[in-house]
Amino acid sequence: MSERRSTDTKINSDLLKPVHHPGWGWYATVVVSALVMLAAAGALGYQFRNGLGVWGINRPVFWALDITNFVFWIGISHAGTLISAILRVTGAEWRRPVTRCAEAITVFALMIGAMFPIIHLGRPWFFYWMVPYPNERGLWPNFRSPLAWDFFAINTYLLGSIIYLYLPLIPDLALLKSKSRGLLRKFYGALSLGWSGTELQWDRLERAVRVMAVVIIPVAVSVHTIVSWDFAMTIRPMWHSTMFGPYFVAGAIFSGIAALILAMAIIRRVFHLEQYLRPIHFNNLGLLLLTMSLIWFYFTFGEYLTAWYGNEPEEMAVFNSKISGSYAPLFWASVICCFIIPAPLLAIKRLRTIKGTMIASALIVVGMWLERFLIIVPTLTHPKLTFNWGTYAPTWVEVALTAGTFGYFVLLYAIFTRLFPIIAIWEYKEGLSIEAPQKDTSPEITPRLEGATS
Amino acid sequence: MTEEAKSKRPQWAMVIDLDRCTGCEACVVACRVENNIPTVGPEEAAKGRSINWIRIESYFEGEYPDVKVKFMPVLCQHCEEAPCEPVCPVYATYHTDEGLNAQVYNRCVGTRYCANNCPYTVRFFNFFDPKWDAPLEKALNPEVSVRTRGVMEKCTFCIQRIRKGEEKAKDEGREVRDGDVVPACVQTCTTKAMYFGNIADSESEVSKLSKSNRASRLLEDLGTKPKVIYLNKGD
């Protein structure tokens with residue numbers, strides 16, 4: 001029993017260390033990311049003051065980096081829910097130190113992604129016209145518009161993923177409350193909702209987490225499907241595709257896992273959590289990443305092969321611009337980053353190390369951002385009437401906003417790790433207590449299984 | 001097709017005879033003056049920010065010296081099944097019972113989704129606040145609202161002239177007839193290549209011309225049912 005207690009204390013002190021003593025790495029991260037974010041905020045102010053003309057968008061390229069960033073970040077947000085929820089539902093034990101890292105990514109990536117449909121508006125101050133409320137205009141939003149679907153899907157997902165992040169946080173909040181004083185104690189106390197760890201509370205919490213894990217999966221899938229329908233519902237060449245829904249969802253999970261691996265590797269280094277985030281986690285997530293890389297390649301291949309085989313002039317204009325035209329360098333860079341390098345790196349066991357999965361993940365994040373860009377811009381530069389073909393080049397404002405999203409994300413994430421344990425303490429301990437008795441019960445299980453099959 | 005009117009109101013349509021079009025662009029200038037279209041300057045125009053509710057698309061056929069140029073005035077086609085309409089989340093663009101594809105500037109929040117789904121690329125965005133090089137600002141048409149930055153705009157078939165024509169017919173206690181409504185581009189066309197009228201009225205000129213064996217519609221295979229009909233002898 002005393003041994004148990006000492007492990008308990010060690011886990012507490014290890015996992016709460018980032019909260020109490022974050023170290024210089026944390027401060028450096030916060031300062032740098034905050035500066036990047038502030039630069040982007042300045043660019044945004046400049047844009048609001050002068051109009052969207054400060055972007056590189058034009059006629060016919062009415063959407064560009066704004067929607068690229070939107071799709072990219074909503075995609076990243078699929079790390080959390082899908083990984084954490086699927087692993088929870090299937091009872092994968094190794095998930096325990098991973099879930100909260102993932103769930104936090106979801107909430108922050110979603111907040112950043114959801115910002116773009118608002119700031120990219122010509123008149124962003126009227127974004128609330130998307131809300132269905134009785135108003136002096138006597139109008140509902142147009143429910144036939146995929147943008148209205150977006151509005152509801154993203155808000156549902158944001159609300160759901162905040163709840164899904166918050167619920168498993170409650171026992172840890174109570175622990176934090178017991179370890180803090182003054183104002184912080186009040187803060188954690190209020191958030192922990194009077195958690196005292198009774199049998200009834202545990203029972204309810206576990207039931208709630210189980211329900212949320214199941215509910216959040218279809219919500220996550222629907223969100224990125226609807227994002228893809230912003231394109232697929234139009235009649236633009238290479239957008240009007242029936243498989244955009246699953247294609248986007250697969251790409252989202254793909255980039256999400258990559259972001260998760262990167263976040264975990266950084267957290268592991270900065271907070272010295274080598275004992276908790278072990279090679280097995282990177283190995284398992286690496287295998288998932290490999291699966292998604294193969295699925296991504298399959299979808300991409302299918303999408304482009306059918307366009308090429310159909311050989312319609314309008315589709316071919318877009319197709320050629322990507323395969324061999326002005327967007328070819330970016331297109332092939334995206335294929336190299338998403339498939340050609342990561343696939344062998346993740347498939348060969350010797351290379352599937354922490355460093356190996358990190359390199360693969362970094363490439364995939366870049367490659368998937370390019371892929372989003374390449375879905376949007378080449379189609380828009382090639383309207384059906386060839387007289388109106390155009391070009392696009394981003395301005396410094398769009399580049400600053402794009403960089404700013406990364407700064408903003410890192411900043412939010414860093415603040416989160418300072419306020420809350422990034423590895424779920426109670427879940428981790430629960431895992432240890434399950435592991436221990438399991439050894440004794442395993443012989444019992446075997447005959448029971450045999451009995452069932454005979 | 002478009003001729004099957006859904007309401008008793010006039011169904012406005014335009015006929016453009018490509019065999020008569022010389023590509024002089026007088027219609028483009030007339031439209032600009034009539035509809036308070038801002039000037040953006042050469043730099044912005046080079047970036048693709050110029051606004052022309054009607055434009056002349058020129059297509060070159062053949063090799064020098066045997067070259068043939070085709071001019072095609074392209075404006076909002078006022079599609080009966082307009083792809084821009086369902087995608088607008090705030091009903092800024094919608095279909096009127098006169099078959100017009102209307103744009104309500106005050107409702108527009110500027111998602112630009114309509115422009116992305118327009119196969120004719122005839123929708124325009126105000127990237128900046130509108131401005132006119134002096135002394136053009138003194139020539140603004142008081143019957144047409146000036147659009148602020150951040151909203152979409154496009155050809156209205158000169159809705160202000162349509163209203164005037166309809167009111168005149170009403171005052172005289174009769175249905176609208178040919179000549180009541182003449183949009184600025186049609187009025188200006190130097191070769192009389194453009195016609196405008198009520199296509200639901202089988203006696204109107206546009207109605208008769210739309211049945212010509214030279215008649216076709218732009219990107220007809222999309223099923224958008226445009227209200228602009230092109231006449232072209234074909235070759």
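Here the residue numbers are simple positions, counted from 1 along each chain's written sequence. Lettering for chains starts from A, numbering for ligands starts from 1, and both go in the order in which the items are written. Reporting of local features is limited, given that this is a predicted model, to residues whose pLDDT is at least 70; pairs of side-chain atoms are given and counted only at 80 or more, and all residues count toward the totals for whole chains, interfaces and linings. The basis for every side-chain value is the complete set of non-hydrogen atoms in the structure, without hydrogens or water.

## Some points on the overall build of chain A
Each helix is a run of H or I in the DSSP string that is no shorter than four residues. Each strand is a run of E no shorter than two, and both are numbered from the N terminus. A count of helices and strands for chain A gives 17 helices and 0 strands. Whereas a compact globule of 454 residues would reach a radius of gyration of roughly 22 Å, chain A reaches 24 Å, a difference of no more than 12%. Principal-axis analysis of the C-alpha atoms places the extent of chain A at approximately 80 × 55 × 45 Å. When checking whether two residues touch, look at their non-hydrogen atoms; a contact exists if any pair is within 4.5 Å. Expressed as a percentage of contacts within chain A between residues at least 6 apart in sequence, the contacts between residues at least 24 apart total 81%. When the accessible area of chain A is evaluated, it comes to approximately 19900 Å², of which 69% is carbon and sulfur surface. All tallies of charge rest on Lys and Arg as positive and Asp and Glu as negative; His and the ends of each chain are not included. Note that the charge is assigned to NZ on lysines, CZ on arginines, CG on aspartates and CD on glutamates. Charged side chains in chain A number 36 positive and 26 negative. The centres of these two groups are separated by 7 Å. To get the radius of gyration, use the C-alpha atoms; to get the globule rule, take the number of residues to the power 0.38 and multiply by 2.2 Å. Each accessible area value is a Shrake-Rupley result obtained with a 1.4 Å probe; residue values ignore everything except the protein chains displayed when judging cover.

## Quick look at the layout of surface pockets
Residue and element names in this part refer to chain A. The calculated volume of the second largest pocket comes to roughly 510 Å³. Site definitions follow a grid-based scheme: protein atoms alone, a 1 Å grid, a 1.4 Å probe that fits but cannot get out for cavities, and for pockets an open set with protein on both sides within 12 Å along at least five of seven lines, plus lining residues having an atom within 4 Å of a point. Lining the second largest pocket are 19 residues, with Ala263, Ile266, Phe409, Val410 and Tyr413 positioned closest to its centre. For the lining of the second largest pocket, the secondary structure elements donating two or more residues are helix 2 (24-50), helix 3 (65-76), helix 10 (244-270) and helix 16 (396-419). In terms of residue class, the lining of the second largest pocket is made up of 17 nonpolar, 2 polar and no charged. Grid points are joined across faces, edges and corners, and a volume is the space filled by probe spheres set on the points. Only Asp, Glu, Lys and Arg are considered charged, only Ala, Val, Leu, Ile, Met, Phe, Trp, Tyr, Cys and Pro nonpolar, and every remaining residue, Gly among them, polar.

## Describing the interface of chain A and chain B
At the junction of the two partners, chain A supplies 48 residues and chain B supplies 46 residues. Once two parts are brought into contact, the accessible area they lose, counted with a 1.4 Å probe and summed over both, makes up the buried area. Of the roughly 3800 Å² buried at the junction of chain A and chain B (both faces included), carbon and sulfur atoms supply 59%. Broken down residue by residue, the surface that chain A buries against chain B is led by A:Arg59, A:Phe62 and A:Leu385, which jointly contribute 19%. In what follows, salt bridge is the name for a side-chain nitrogen of Lys or Arg lying within 4 Å of a carboxyl oxygen of Asp or Glu. On the surface where chain A and chain B come into contact, there are 1 salt bridge. In this structure, the salt-bridge partner of A:Asp66 is B:Arg112, at a minimum N-O distance of 3.0 Å. N or O atoms closer than or at 3.5 Å make up a polar contact, with two conditions inside protein: a donor-capable atom paired with an acceptor-capable one, and, for residues adjacent in sequence, both atoms drawn from side chains. Between the two partners, chain A and chain B, sit 30 residue pairs in polar contact (both at pLDDT 80 or more). The set of elements that each furnish at least two residues to the side of chain A that touches chain B consists of helix 2, helix 6 (146-166) and helix 9 (199-232) of chain A. Of the residues in the side of chain A that touches chain B, the class split is 27 nonpolar, 12 polar and 9 charged.

## Some points on the sheet that holds strand 8 (residues 194-198) of chain B
Note on sheets: strands pair through backbone hydrogen bonds, and any given pair is parallel or antiparallel. Residues and elements named next belong to chain B. With respect to topology, 4 strands assemble into an open sheet ordered 8-1-10-9, the strand pairing being mixed. With partners counted over all chains shown, the strands left at the sheet margins are strand 8 and strand 9 (215-216), one partner each. In terms of strand pairing, strand 1 (residues 12-17) meets strand 10 (residues 228-231) through 4 bridges, oriented parallel. Bridge pairing in strand 10 links Val15 to Ile229. Whether two strands pair depends on DSSP finding at least two bridges between them.

## Overview of the pattern of salt bridges
Under the criterion given, the structure shown has 30 salt bridges over all chains. In this structure, A:Lys10 and A:Asp14 form a salt bridge, with 2.8 Å as the shortest nitrogen-oxygen distance. On the criterion of helical spacing, the pair formed by A:Lys10 and A:Asp14 is a turn pair, its members being 4 residues apart in helix 1 (residues 2-20). On the accessibility criterion, A:Asp14 (19% relative accessible area) is buried. B:Arg214 is the partner of B:Asp17 in a salt bridge, and the nearest nitrogen-oxygen pair spans 3.0 Å. Of the two residues, B:Asp17 sits in strand 1 while B:Arg214 sits in the loop between helix 7 (205-210) and strand 9, which places them 197 residues apart along the sequence. Classification of residues uses two cut-offs on accessible area relative to the type maximum, computed with a 1.4 Å probe and protein chains only: under 20% is buried, over 50% is exposed, and between them is partly exposed. A relative accessible area of 26% means that B:Arg214 is categorised as partly exposed. Bridged by salt links that share partners, the residues B:Arg9, B:Asp97, B:Glu98, B:Arg163 and B:Glu166 form one connected network.

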